Amino acid sequence: MEGLEAMSDASHDTSKLPAAMIWFGVTLSAAALSLIIFKAPGGIFLRLHGSTPVSLYYGSLIAIVIFGLVEASLGYWVVPQNLGGWRTIAKTMLWFSILPLVLVTALGGTVFLK
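All values derive from a computational prediction rather than experimental measurement. (Residues numbered from 1 in each chain as written. Predicted model: local features only at pLDDT ≥ 70, side-chain atom pairs only at ≥ 80, totals over all residues. Heavy atoms only, no water.)

## Some points on the UniProt feature "transmembrane region" (unreviewed entry) in the protein chain
Then, number 1: Residues annotated in UniProt with the feature "transmembrane region" (unreviewed entry) correspond here to residues 20-38, 58-79 and 94-113.
Then, number 2: From the first C-alpha to the last, residues 20-38 spans 27 Å; its make-up is 100% helix and 0% strand. (UniProt positions renumbered as here; feature names shortened; annotations may be inferred. Helix = DSSP H or I, 4+ residues; strand = E, 2+ residues; numbered from the N terminus.)

Below is the structure:
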């Protein structure tokens, strides 16, 4: 719940945008990396024949890791330097990061919460 609370606070107070971006970026990257390392593809990825579904699984997770790292990097280095100029881009990136978080959760990201 901390992430959603940070996102809500960042929507109203732009000084909290960098911290929210760093939190979401690190969370996305860690969750996707843990799926890459510890969880093999399952379900529909195994029922379809060929290597394309497995490549799609790992490719999407790698893209999410990169997106999370870019988001955290922007939140750490770029956004605090010029908060007024990057405010719209930072908010858009922050709200867009919900989609990869849902994808990681759907692929099994909640397994590691036990």
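On we go.
## Concerning the nonpolar core
Then, number 1: Core analysis: the largest hydrophobic core is formed by 21 residues, its most contacted members being Met-21, Ala-32, Leu-35, Leu-61, Leu-94 and Val-104.
Then, number 2: At the level of elements, helix 2 (17-38), helix 4 (52-78) and helix 5 (83-96) are the ones that each hand at least two residues to this core.
Then, number 3: It is helix 2 that contributes the most residues to this core, eight residues altogether. (Core = buried A, V, L, I, M, F, W, Y, C linked by side-chain atoms within 4.5 Å. Buried < 20%, exposed > 50% of the residue type's maximum accessible area, 1.4 Å probe, protein only.)

## Quick look at the packing of helix 4 against helix 6 (residues 98-106)
Then, number 1: Packing of helix 4 against helix 6 brings their axes to within 11 Å, and their N-to-C directions diverge by 140°. In terms of their interaxial angle, helix 4 and helix 6 are classed as oblique. Of the two elements, helix 4 crosses helix 6, and the hand of that crossing is left-handed. Of helix 6, the residues touching helix 4 (which contributes Ser-60, Leu-61, Ile-64 and Phe-67) are Pro-100, Leu-103 and Val-104. (Axes fitted to C-alpha atoms, helices over the stretch in contact; angles between N-to-C directions. Parallel < 35°, antiparallel > 145°, perpendicular 65-115°, else oblique. Left-handed = near helix turned anticlockwise from the far one by under 90°. Contact = heavy atoms within 4.5 Å.)

## Brief notes about the environment of Ala-20
Then, number 1: The residue Ala-20 is located in helix 2 in this model.
Then, number 2: Between the C-alpha atoms of Ala-20 and Leu-94, which are 74 residues apart in sequence, the distance is 7.6 Å.

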